[in-house]
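# Residue-level structural notes
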Amino acid sequence: MNSLSNLIRPDIQAMTAYHVTDVPEGFIKLDAMESPYHPFARQPGLLEKWQQYIAAAPLNLYPNPAASGLQTALQQAFDIPETAKIALGNGSDELIQFITMLLAKPGAAMLAVEPSFVMYRHNAALFGMDYIGVPLNEDFTLDLPAVLSAIERHNPALIFIAYPNNPTGVPFKREEIKTVVQAAQGIVVIDEAYGAFSGDSFLPLAGSSENLIVMRTVSKIGFAGIRLGYAAGHPAVMNELAKILPPYNMNQLSLATAKFAMEHIDAVNETVGLLKAERSRLFAGLSGIGRLKAFESGANFITVRVPDAVEMFEIFRKNNILIKKLHGSHPLLDNCLRITVGSPEQNDAVLAVLKQHLS
Ligand code: PMP
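Residues numbered from 1 in each chain as written. Predicted model: local features only at pLDDT ≥ 70, side-chain atom pairs only at ≥ 80, totals over all residues. Heavy atoms only, no water.

## What about the packing of aromatic side chains?
The condition is simple: Two rings belonging to Phe, Tyr or Trp (six-membered ring only in the last case) form a pair when the distance between their centres is within 6.5 Å. Interplanar angles under 30 degrees mark stacking, angles over 60 mark edge-to-face geometry, and anything in between is tilted. Every helix listed is a DSSP run of H or I at least four residues long, and every strand listed is a run of E at least two residues long, numbered separately from the N terminus. By definition, being over a ring means that NZ of Lys or CZ of Arg is both within 6 Å of the ring centre and within 35 degrees of the ring normal.
Taken as a whole and assessed by the stated rule, the structure comprises 11 aromatic pairs. Seen from their ring centres, F40 and W50 are 5.7 Å apart, and the 45 degrees between their planes marks the pair as tilted. A residue pair is termed long-range when its members are at least 10 positions apart, and F40 in the loop between strand 1 (28-29) and helix 3 (46-55) and W50 in helix 3 qualify at 10 residues. Arranged with centres 4.1 Å apart and planes meeting at 15 degrees, the rings of Y62 and Y248 form a pair that is stacked. With Y62 in the loop between helix 3 and helix 4 (65-68) and Y248 in the loop between helix 10 (235-244) and helix 11 (252-263), the pair connects residues that are 186 residues apart, well separated along the chain. Here a set of aromatic residues connected by ring pairs shows up, and it is made of F40, W50, Y53, F223 and F260. In this structure, R42 is placed above the aromatic ring of Y37, and the distance from its NZ or CZ to the ring centre is 4.9 Å.

In structure tokens:
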């Protein structure tokens, strides 16, 4: 056999794997935008009802998402027009991967803003697309003229816009995103992973034009563990995507759980409401801390700039709190940290550490 270094693609050998952090026992985990709540554990009897529901899932059979009724349930719960076609992914990560694969013709380009979700750029590299990263303004708002001129210059086949954006959270204006969709000759994916927390959505426009795909995930609303994302778009594009998605990429337990969640959407929305209220309270608390700048967020996290992010990250660790150190990942994120909005107790712990060190 040839040595592995001769066999495996050199560009992949040069990559580093996405690091999933091991969290020590007892740590408050606020690094990955997970919900602190199990949505079915908050209403009497609901957890048991869900357990019975998934107990009936036919584990011996391959999953059939179309027959599961989940797409229709999503359509109803989230106001997705009937003209749109929905694709399901094993997390929206998987959909990002396959949408990129769909458009990665030799010489084709992907455009995204910077900083944004790192997997866009990663997938461009993986599938050999040219990547154009357009920097945000310093306050993390969209630099629309720069995006429009990059579209004109590079004619990207694929544009990803996280709306709200990760890792900054600062809302982009709806009109600006509409302008991008109108200007683009390629496909625009509006990634609404944090859409439940923003109060705005392009889902009602899904299916209305061939170049628009609206993507969501249930990960941030209490179901990171079931790995389920969905994308809604024009049938002409979604039928092509269907050709390359693995036939059995979803599993019976996730499909059943998501369907149950749609039937009990009130329980899910209740946790989203709690987190939105906590986001306001956390933001107010952060804004009152002298040597810290908190950026307004439409998502379930708040990005802050501190005098020394490396030191502050370590201080959080010593206090058994894990957050995300953004410093070093992009010049615009100098001395920035990203804090997931947690439960009231978790947010109080965050505020106490920051007040003690930065007031
Ligand atoms: N899009 C954005 C903008 C994200 O921040 C994330 C998660 N960090 C994802 C997609 C992927 O989410 P998932 O695979 O859990 O659906």
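Having seen the model, we can carry on.
## Digging into the domain arrangement of the chain
Just so we agree on the cut-off: Segmentation of the chain into domains, including their bounds, is taken from an automatic or database domain assignment. Between two residues, a contact is recorded if the distance between any of their heavy atoms is within 4.5 Å. The term buried area means the drop in 1.4 Å probe accessible area that two parts suffer when joined, counted for both and summed. Here, a salt bridge means any side-chain nitrogen of Lys or Arg that lies within 4 Å of a carboxyl oxygen of Asp or Glu. For the purposes of these results, a polar contact is taken to be a pair of N or O atoms within 3.5 Å, where, inside protein, one atom must be able to donate a hydrogen and its partner to accept one; residues adjacent in sequence count only when each atom of the pair is a side-chain atom. Under the grouping applied here, Gly and all other residues not named as nonpolar or charged are polar, the nonpolar ones being Ala, Val, Leu, Ile, Met, Phe, Trp, Tyr, Cys and Pro and the charged ones Asp, Glu, Lys and Arg.
Assigned domains of the chain: these are domain 1 (2-43 + 266-358) and domain 2 (61-264). Here domain 1 and domain 2 have C-alpha centroids that lie 22 Å from each other. Tallying the contact residues gives 35 residues for domain 1 and 35 residues for domain 2. For the pair domain 1 and domain 2, the two sides together bury roughly 2600 Å², of which 70% comes from carbon and sulfur. Contact with domain 2 buries surface across domain 1, with F40, G298 and L332 losing the most and accounting together for 21% of the total. Where domain 1 meets domain 2, there are zero salt bridges. Taken together, the links from domain 1 to domain 2 amount to eight residue pairs in polar contact (both at pLDDT 80 or more). Of all elements in the fold, only helix 2 (10-13), helix 12 (265-287), strand 10 (301-305) and strand 13 (336-340) reach the threshold of two or more residues within the side of domain 1 that touches domain 2. Top contributing element to the side of domain 1 that touches domain 2 by residue count: helix 12, with eight residues. The class makeup of the residues in the side of domain 1 that touches domain 2 is 19 nonpolar, seven polar and nine charged.

## A closer look at the sheet that holds strand 7 (residues 212-217)
Short version of the rule: Strands are labelled as partners when DSSP assigns at least two bridges between them. Axis geometry follows a simple rule: fit a line to the C-alpha atoms, using only the stretch in contact for helices, then measure angles between N-to-C directions, giving values from 0 to 180 degrees.
Strands sit in the order 2-8-7-6-5-3-4 across an open sheet of seven strands; the sheet is mixed. Strands at the two margins of the open sheet, each flanked by one partner only, are strand 2 (85-89) and strand 4 (130-135). On average, adjacent strands in this sheet sit at an angle of 20 degrees to one another, irrespective of strand direction. In the sheet, strand 5 (residues 158-162) pairs with strand 6 (residues 187-191) via five bridges, with the strands oriented parallel. Looking across to strand 6, one finds that A162 is bridged to D191.

## Concerning the sheet that holds strand 13
The strand order across the open sheet formed by four strands is 9-10-13-12, and the pairing between neighbours is antiparallel. Edge positions in the sheet fall to strand 9 (293-294) and strand 12 (324-325), since each of these pairs with one other strand and no more. Taken strand by strand, helix 12 contacts strand 9 and strand 10, and its axis lies near 10 degrees from that of strand 10.

## Describing the site of the ligand
Keep this limit in mind: We call a residue near a molecule or strand when any one of its heavy atoms sits within 4 Å of it. Reported accessibility uses the Shrake-Rupley method at a 1.4 Å probe radius. Residues are deemed covered only where the shown protein chains occlude them.
The full set close to the ligand counts 14 residues, and S92, D191, Y194, T217 and S219 are the nearest of them. For the ligand, an oxygen atom lies 2.6 Å from a polar atom in the side chain of T217. Across the complex, the protein chains shield 93% of the 400 Å² of accessible surface that the ligand would expose by itself.

## Notes on helix 8 (residues 144-154)
Here is the rule: With a 1.4 Å probe rolled over the protein chains alone, any residue whose accessible area is under 20% of its type maximum counts as buried; one over 50% counts as exposed, and the rest are partly exposed. The arc in question is traced by the directions running from the helix axis to the C-beta atoms.
All buried positions along helix 8 are accounted for by L144, V147, A150 and I151. The buried residues of helix 8 all sit within an arc of 130 degrees when viewed along its axis, so they share a single face. Within helix 8, the exposed residues directed more than 90 degrees away from the buried face are P145, E152 and R153. Tucked inside the fold, the buried residues of helix 8 contact strand 3 (109-114), strand 4, strand 5 and helix 9 (174-183). Of the residues flanking the end of helix 8, it is N155, one or two places downstream, whose phi is positive at about 45 degrees.

## So, the side chain of N165
Take N165: it is sitting in the loop between strand 5 and helix 9. Residue contacts for N165: discarding those within four places in its chain leaves V113, P115, S116, L136, F172 and F301.

## Things to note about the pattern of salt bridges
All told, the structure shown has 12 salt bridges when counted by the stated rule. For the salt bridge of D93 with R227, the shortest nitrogen-to-oxygen distance reads 3.8 Å. Of this pair, D93 sits in helix 6 (residues 92-103) while R227 sits in the loop between strand 7 and strand 8 (229-233), placing them 134 residues apart in sequence. Note that K243 and E240 form a salt bridge whose closest N and O atoms lie 2.9 Å from each other. Pair noted here: K243 and E240 are both in helix 10, with a separation of three residues, about one helical turn. Shared partners join several salt bridges into a network, and the residues in it are K29, D31 and E34.

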